[in-house]
Amino acid sequence: MKIRDTYLLKKAGDSYFLFPVGQNAVDYKHMLELNGTGYFITTQILNEITYDELLKKLIAEYEATEEDLPILRRDLDIFVYQLREREILE
Amino acid sequence: MEIDYFKIADLVLLLRDGKDYLQDAMWDFVCTENNEPDISVTVIQGGWEKDYPEEPLINDRLLWIYETKEEYIVRYRTCANIECYVNRKFTGESMIYLKQKSETSKKPEDLERNEMMRTIRDIFFFHMLKMGRIAVHSASFIYRDRVWLFSALSGTGKSTHVSLWHENGYPVEDFNGDLAICYVKEGMAIAASAPWCGTSEVYCNKKRKLGGILFLEQAEENSATGISVSTCMVRLAARCLTPNWNRELMTLNLNVAEEIAPLIVSGVLKCNTAPDAAVEAKGFIDGHCSIGA
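Computed from a predicted structure; not experimentally measured. What you see as residue numbers is a count from 1 along each chain, following the sequence as written. A letter from A marks each chain and a number from 1 marks each ligand, given out in the order of writing. pLDDT decides what is reported in this predicted model: residues at 70 or higher carry local features, side-chain atom pairs at 80 or more are listed and counted, and totals for whole chains, interfaces and linings draw on all residues regardless.

Overview of the overall build of chain A
Just so we agree on the cut-off: Helical segments are the DSSP runs of H or I of at least four residues, strand segments are the runs of E of at least two, and each set is numbered from the N terminus. Computation of the radius of gyration draws on C-alpha atoms, with the globule rule given as 2.2 Å multiplied by the number of residues to the power 0.38. Partly exposed residues are those whose C-beta has more than 12 but fewer than 20 other C-beta atoms within 10 Å; with 20 or more the residue is buried, with 12 or fewer it is exposed, and the C-beta atoms are placed from the backbone.
Along the backbone of chain A there are 4 helices and 3 strands. Moving toward the C terminus, one meets the helices and strands of chain A in the order β-β-α-β-α-α-α. Relative to the globule expectation of 12 Å for 90 residues, the C-alpha radius of gyration of chain A, 13 Å, shows essentially globular dimensions. By its C-alpha atoms, chain A is 45 × 30 × 20 Å across when sized along the principal axes. Counting only residues that meet the buried cut, chain A has 20% of its 90 residues in that class.

The structure is reproduced here in structure tokens:
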């Protein structure tokens, strides 16, 4: 997984945004506001990373236990789905 | 070779061989300055003979934009007189290539003048962005010696709202009907008008301290609410007419917006088309001015 170079990640105050640029801006794609977790995930996938590697990083970042894992995996899947649906991921 | 100089938003624009295609508004910005220009544009008659790169950076319904190591090439799909223009990346130079050599006896038509003005505008915006300036899509006026921008998508009612201030008899002076060039100079946010104003025909050759910006949203009831600096920055960047063709240019837009946002009053004006909308907006602006903004 990797973020397309037609999106730009920017922090504004306490918020984080993915701005469409280039062809995406021309095509009226919308910017995406991220929460802290979304920002963490996005910074990890600015460069190529596999799903499993990303999940490991999330577990480490949030000190997740075995019990937390199903919820963590579900939330990650939803977020990745949203990124794919918006064609933010390569 | 004919050379003319224009001064817009504190930047000197040099134009070579394009004066016949200019609209009257441009001549209100003519200057005698002949020092090193910030931006130079050369109009070349029928001189484009190169092949375009294979893959465009942007494929729009009106144009293609190609990027090479040294330049951006903007090629129009349908344009009566202009084949393309080239922006040099690392200097303030651009070239406009016309489709065919004009006959000296034939005067440019309105359509050709429109195309040339739009092209010079886009070139100016490209280079001025690298010089810390953004163009904000907005209708604006001068009030209390500051410029106030009303920004929204086309058709929301920017001009309608500005006209309500006139109808209410408020002491405002028209600034620009379509855009304002905004930048920071000596720690102050500045707004400059420009010869480009869409179809509004409202412009002037003035600059003032930028008081603030209200983002308009249509609503049944009128209300004005302040927004945070970060929200202002994001909304300002989203309303920029300056190019965001790639990450580098988008970053420049965001950086200038980030610099301006903390220096100005900003809010959302939910409004209808009744005179009360201007009462609400004026109350919001007066409230912020009186507390020293």
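Details of the sheet that holds strand β1 (residues 7-12) of chain A
Residues and elements named next belong to chain A. The line we're drawing: At least two DSSP bridges between two strands are required for those strands to pair. Each axis is a line fitted through C-alpha atoms, and for a helix only the stretch in contact is used; angles between axes span 0 to 180 degrees, taken between their N-to-C directions. It is the C-beta atoms, placed from the backbone, that decide contacts: two residues are in contact if theirs lie within 7 Å.
Strands sit in the order β1-β2-β3 across an open sheet of 3 strands; the sheet is antiparallel. Each of the sheet's edge strands pairs with one partner strand only, and the pair in question is β1 and β3 (32-34). Along the sheet, successive strands turn relative to each other by an average axial angle of 25°, direction set aside. Sheet topology note: the β1/strand β2 (residues 15-20) ladder contains 6 bridges and is antiparallel. What sits directly across from K10, in β2, is F17. Along the sheet, helix α2 (residues 36-44) makes contact with β1, β2 and β3, crossing β3 at roughly 105°.

Some points on the confidence of the model for chain A
Heads up, the condition is: Per residue, pLDDT measures the predictor's confidence, with a range of 0 to 100.
Confidence along chain A averages 88 in pLDDT terms, with 97% of residues attaining 70 or more. Predicted confidence in chain A is weakest over helix α1 (residues 23-26) of chain A, with a mean pLDDT of 76, and strongest over helix α3 (residues 51-61) of chain A, with 93.

Some remarks on the sheet that holds strand β4 (residues 39-44) of chain B
Residue and element names in this part refer to chain B. Strands sit in the order β3-β1-β2-β4-β9-β8-β7-β6-β5 across an open sheet of 9 strands; the sheet is mixed. Each edge of the sheet is formed by a strand with only one pairing partner; in this case those strands are β3 (30-31) and β5 (58-59). Examined bridge by bridge, strand β6 (residues 63-67) and strand β7 (residues 71-76) share 5 bridges and lie antiparallel to one another. Paired with L63 across the bridge in β7 is Y76.

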